[in-house]
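Single-letter residue listing:
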Amino acid sequence: MSDHAVLHVKGRVLTGPKDDEVRDELWVVGGRITYDRPAAARDVRTVEGWALPGLVDAHCHVGLDAHGPVPDDVSEKQALTDREAGTLLIRDAGSPSDTRWIDDRDDLPKIIRAGRHIARTRRYIRNYAHEIEPEDLVAHVAREARRGDGWVKLVGDWIDRDLGDLSACWPREAAEAAIAEAHRLGARVTAHCFAEDSLRDLVEAGIDCIEHATGLTEDLIPLFAERGVAIVPTLVNIATFPDLAAGGEAKYPRWSAHMRRLYERRYDTVRAAHDAGIPVYVGTDAGGGLAHGLVAGEVAELVTAGIPPVEALSATTWAARAWLGRPGLDEGAPADLVVYEADPRTDVRVLAGPRRVVLNGRIVA
């Protein structure tokens, strides 16, 4: 499409999850959405189908692989893979790479960064995080809050080799002071948490979100719901737990058994959280050990867990964008949208095959 071309999207434009939030068409003029037919448009391209806001992957890592930071060309391939899958907004939940150059590319997904992971010394994956002790937590949170885009990422628990099992990384007082500092600087805080014992302290300390949340238990669910703490379950990543457990069983049998229990109850955990009113959002954890472009699979996993299809869809579209403070298919918003051949509200598996991907008003896939 030329810079002066007008894009006409017609069929079913899903501006929200409700039946009355469906429009017959939209137009893209100058890279932005309008519902007013442009006068005297000459160069018009029409796309037909079911249109959604660009999908959100709320837990993704661009610039990271299983070994640590990657070169820019690899980061570009990661971002392009997500784009081809319809993911046009990424909350990067921790990366050691500087990916600010992506902001200058109008053909790559938009990224909301959480800075670099902050972990306890020797309590996370090598080359991923700032590894520090509790007395330095506030200072590092302040630094990452200033470097990020309104989020900070803590590693809330990890295997303690002396215990041979998962355990909390931060004393309650340190976490509370660090979260307060992030909030003072205008940033929200999220934390990687697999197990149970870090959750109460983090939530009562004021945390905004928990990643994975496999340790969420019946007694903690009301606390999460009362405080409005969101979860991003990353079920496509939790699917790897049995293999991880098998690999570590000989050395850490207690940890291995724990990981299997967390895996076995994963769907019950997510369904119970949703039923209690805890906000649940789509995230894949791509970029560590997982491939990019898995957003459709994660939505399908939420449905398998028992979340109604329209709500699972909202967790990667309308609700996710509102949570992250980014527009959907609003008048005047950047034209970031995905068009499908069939209604994704009826069958979320439709998400795996976008007909067209439109980013900043241009058809990119």
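Right, let's walk through the structure included here. Keep in mind that this is a model prediction, so the values were computed, not measured. (Residues numbered from 1 in each chain as written. Predicted model: local features only at pLDDT ≥ 70, side-chain atom pairs only at ≥ 80, totals over all residues. Heavy atoms only, no water.)

1. Observations concerning the sheet that holds strand E5 (residues 55–60)
The strands that make up a sheet pair up through hydrogen bonds in the backbone, lying either parallel or antiparallel. Spatial strand order, E5-E8-E9: three strands in an open sheet with parallel pairing. Among the strands making up the open sheet, the edge pair consists of E5 and strand E9 (110–113). Across the sheet, the mean angle separating the axes of adjacent strands is 20° when strand polarity is ignored. Summarising the sheet, strand E8 (residues 87–92) and E9 pair through four bridges and their orientation is parallel. Within the sheet, the bridge partner assigned to Leu89 lies in E9 and is Lys110. (Pairing = 2+ DSSP bridges. Helix = DSSP H or I, 4+ residues; strand = E, 2+ residues; numbered from the N terminus. Axes fitted to C-alpha atoms, helices over the stretch in contact; angles between N-to-C directions.)

2. Concerning the environment of Arg147
Here Arg147 is to be found in helix H2 (residues 137–147). Under the relative-accessibility criterion, Arg147 is labelled partly exposed at 42%. Along the primary structure Arg147 and Arg113 are separated by 34 residues, whereas in three dimensions their C-alpha atoms are 8.3 Å apart. (Buried < 20%, exposed > 50% of the residue type's maximum accessible area, 1.4 Å probe, protein only.)

3. Overview of helix H9 (residues 266–275)
Within H9, burial applies to Arg266, Tyr267, Thr269, Val270, Ala273 and His274. Buried residues of H9, viewed axially, fall in a sector of 160°; they line one side. Taken together, the buried residues of H9 touch helix H5 (221–227), strand E17 (230–232), helix H6 (235–238), helix H8 (253–264), helix H10 (295–305) and helix H11 (309–314). A positive backbone phi angle near 95° is found at Gly277, which sits one or two residues after H9. (Arc of directions from axis to C-beta. Contact = heavy atoms within 4.5 Å.)

4. Let's talk about the sheet that holds strand E20 (residues 362–363)
Pairing within the open sheet is mixed, and its seven strands lie in the order E3-E2-E1-E4-E18-E19-E20. A strand with exactly one partner marks an edge of an open sheet, and here the two such strands are strand E3 (32–34) and E20. Inspection of the sheet shows strand E2 (residues 22–29) paired to E3 by three bridges, in the antiparallel sense. From the neighbouring strand, Val28 faces E3, where its bridge partner is Ile33.

5. Some details on the pattern of salt bridges
Per the stated rule, a full pass over the model turns up 26 salt bridges. One salt bridge connects Arg147 with Glu144, and the closest N-O pair in it is separated by 2.5 Å. One end of the pair, Arg147, and the other, Glu144, are both in helix H2, three residues apart, so they sit about a helical turn from each other. A relative accessible area of 1% places Glu144 in the buried class. Here Arg172 ties to Asp201 by a salt bridge, and the two come within 3.5 Å at their closest N and O atoms. Of this pair, Arg172 sits in helix H3 (residues 172–184) while Asp201 sits in helix H4 (residues 199–204), and the two are 29 residues apart along the sequence. Overall, the relative accessible area of 29% leaves Asp201 in the partly exposed class. Among the charged side chains, a network of salt bridges with common partners joins Arg172, Arg200, Asp201, Glu204 and Asp219. (Salt bridge = Lys/Arg side-chain N within 4 Å of Asp/Glu carboxyl O.)

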